[in-house]
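# Structure at a glance
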Amino acid sequence: MKTILLIGLGRFGRHIARKMNELDMQVMAVDKDEDKVASVVPYVTNSEVGDATDKEYLRSLGVTNFDDCIVAIGDDFLASLEVTAYLKELGAKKVISRAARDTQEKFLLRNGADEVVYPEKIIGNWTAIRCSSESISDYIQLGDDFAIYELEIPKEWIGKTIGEIGVRHKYNINVIAIKHGTAMTSTPGADYTLAESEKLLVLGHSADINKLLKISK
Ligand code: ATP
């Protein structure tokens, strides 16, 4: 089971704590505000009130014992940067820090963050892509060029098999699953016939998926 040190329990940090609780992860939560700590007690394994910009306090938490250390401090960027750098200096295995601007992302990566989470950028991109076509109902970016999309079945594909359409050869796209309501058929074969009520989960290069979206109109 993964062990996590979570620092900063604003809305972002609290969402992380709740989800990690659902995923049965072991979380030690820290915030300098007593009320914030009290609000996550039901969801975390341990919690403490403390100032994470105090390096000796951080050392006392035994940062090397955690698989991941998450710095979820938002508004106080200087504090976030200090905590990130101290965690790395103290030997943390993996430091994941939150950014709210491109420059913050750069500084955090240069000063000890192994990974940066930039919620506004991720959700901004996701919202724009979802709104770019009526056919897209969900989207996950994988690196710069690849993505998984959840799409309506293009009209001219309804009633045809995946093999007949030539999804892979003609469009350079892989169908990884078909969604029927809440049920899912994963890796459907070439003989699978597509129905109007279904949705496609496809993996491909963003440019190829854009071509497919043109025929979906
Ligand atoms: P969010 O945007 O996630 O709702 P917020 O606006 O409530 O956050 P932020 O300033 O982003 O507050 O900070 C997130 C949390 O980090 C707060 O609960 C704050 O008390 C905590 N925090 C800030 N600095 C430190 C620190 N040095 N040590 C521990 N906790 C800190």
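Residues numbered from 1 in each chain as written. Predicted model: local features only at pLDDT ≥ 70, side-chain atom pairs only at ≥ 80, totals over all residues. Heavy atoms only, no water.

## Overview of the nonpolar core
What counts is decided by this rule: Definition of nonpolar core: a set of buried residues of the types Ala, Val, Leu, Ile, Met, Phe, Trp, Tyr and Cys, connected through side-chain atoms within 4.5 Å. Throughout this description, buried means an accessible area under 20% of the type-specific maximum (1.4 Å probe, protein chains only), exposed means over 50%, and partly exposed covers the range between. Numbered from the N terminus, helices here are DSSP runs of H or I no shorter than four residues, and strands are runs of E no shorter than two.
Among the nonpolar cores identified, the biggest contains 21 residues, and Tyr149, Trp157, Leu194, Leu200 and Val202 are the most heavily contacted of them. Listed by contribution, the elements that provide at least two residues to this core are strand 7 (136–142), strand 8 (146–152), helix 7 (162–165), helix 8 (167–171), strand 9 (173–180), strand 11 (199–205) and helix 9 (206–216). Counting residues in each nonpolar core, the second largest holds 19 residues, with Met28, Val63, Ile73 and Val95 among its members.

## Remarks on the pattern of salt bridges
Inclusion rule: By definition here, a salt bridge exists when the distance from a side-chain nitrogen of Lys or Arg to a carboxyl oxygen of Asp or Glu is within 4 Å.
Throughout the structure, instances matching the rule amount to 12 salt bridges. In this structure, Lys179 and Glu150 form a salt bridge, with 2.9 Å as the shortest nitrogen-oxygen distance. With Lys179 in strand 9 and Glu150 in strand 8, the pair connects residues that are 29 residues apart, well separated along the chain. Close ionic contact of Lys199 with Glu150 constitutes a salt bridge, the shortest N to O distance being 3.9 Å.

## Focus on the site of the ligand
Under the convention used in this document: Nearness is judged by heavy atoms alone; a residue qualifies as near a molecule or strand once a single heavy atom is within 4 Å of it. We call two N or O atoms a polar contact when they sit within 3.5 Å, provided that within protein one can donate a hydrogen and the other can accept it, with sequence-adjacent residues counted only if both atoms are side-chain atoms. Using a 1.4 Å probe, the Shrake-Rupley method yields the accessible areas, and only the shown protein chains count as cover for residues. Three classes are used: nonpolar for Ala, Val, Leu, Ile, Met, Phe, Trp, Tyr, Cys and Pro, charged for Asp, Glu, Lys and Arg, and polar for all others, with Gly counted as polar.
Surveying the vicinity of the ligand reveals 18 residues, the closest of which are Arg11, Phe12, Asp31, Asp51 and Gly74. Lys32 places a main-chain nitrogen or oxygen 3.2 Å from a nitrogen atom of the ligand. Between a nitrogen atom of the ligand and a side-chain N or O atom of Asp51, the distance comes to 2.9 Å. Expressed as a share of its isolated accessible area of 620 Å², the protein-covered part of the ligand is 86%. When grouped by side-chain class, the residues that make up the shell around the ligand number 5 nonpolar, 5 polar and 8 charged.

## Examining a negative patch on the surface
Note the threshold: Residues with no salt bridge and a relative accessible area higher than 30% make up the patches, which join like charges within 9 Å and nonpolar side chains (Val, Leu, Ile, Met, Phe, Trp, Tyr) within 5 Å. Under the counting rule used here, the positive set is Lys and Arg, the negative set is Asp and Glu, and His together with the chain ends is not counted. Note that the charge is assigned to NZ on lysines, CZ on arginines, CG on aspartates and CD on glutamates.
A cluster of acidic residues, Asp51, Asp54, Asp75, Asp76 and Glu82, forms a negative patch on the protein surface. Along the polypeptide, Asp51 turns up in the loop between strand 3 (46–49) and helix 3 (55–60).

## Description of the pairing of strand 3
Condition: Two strands pair under a simple rule: DSSP has to find at least two bridges between them. Looking down the strands as they point away from the viewer, one classifies a crossover as right-handed if the path from the first strand across the helix to the second runs clockwise.
The pairing of strand 2 (residues 26–31) with strand 3 spans 4 bridges and is parallel. Along strand 3, the bridge assignment pairs Asp31 with Val49. Traced from strand 2 through helix 2 (residues 34–40) to strand 3, the parallel crossover comes out right-handed.

## Points about the side chain of Glu150
What counts here: Note on contacts: a residue pair qualifies if any of its non-hydrogen atoms lie within 4.5 Å across the two residues.
Assessed through its relative accessible area of 10%, Glu150 is described here as buried. Polar side-chain contacts of Glu150 include one of 2.9 Å to the side chain of Lys179. Once you skip the residues sitting within four places of it in the chain, Glu150 turns out to touch Ser135, Ile136, Ser137, Asp138, Lys179, Lys199, Leu200 and Leu201.

## Section: the domain arrangement of the chain
For clarity, the cut-off: The domain boundaries here were taken from an automatic or database domain assignment.
Here the chain is described as being made up of domain 1 (3–117) and domain 2 (122–214). The distance between the C-alpha centroids of domain 1 and domain 2 comes to 36 Å.

## What about the sheet that holds strand 8?
The line we're drawing: With axes taken as lines fitted to C-alpha atoms, and helix axes fitted only over the stretch in contact, angles between N-to-C directions fall between 0 and 180 degrees.
On the basis of which strands lie adjacent, the open sheet formed by 5 strands has the order 7-8-11-9-10 and antiparallel pairing. Whereas interior strands pair on both sides, the edge strands pair on one side only; in this sheet they are strand 7 and strand 10 (183–186). Within this sheet the neighbouring strands show an average axis-to-axis angle of 20 degrees, counted without direction. Both strand 7 and strand 8 contribute to a ladder of 6 bridges, which runs antiparallel. Paired with Leu142 across the bridge in strand 8 is Phe146. In the packing of helix 6 (residues 119–132) onto the sheet, the strands contacted are strand 7 and strand 8, and the crossing angle to strand 7 comes to about 135 degrees.

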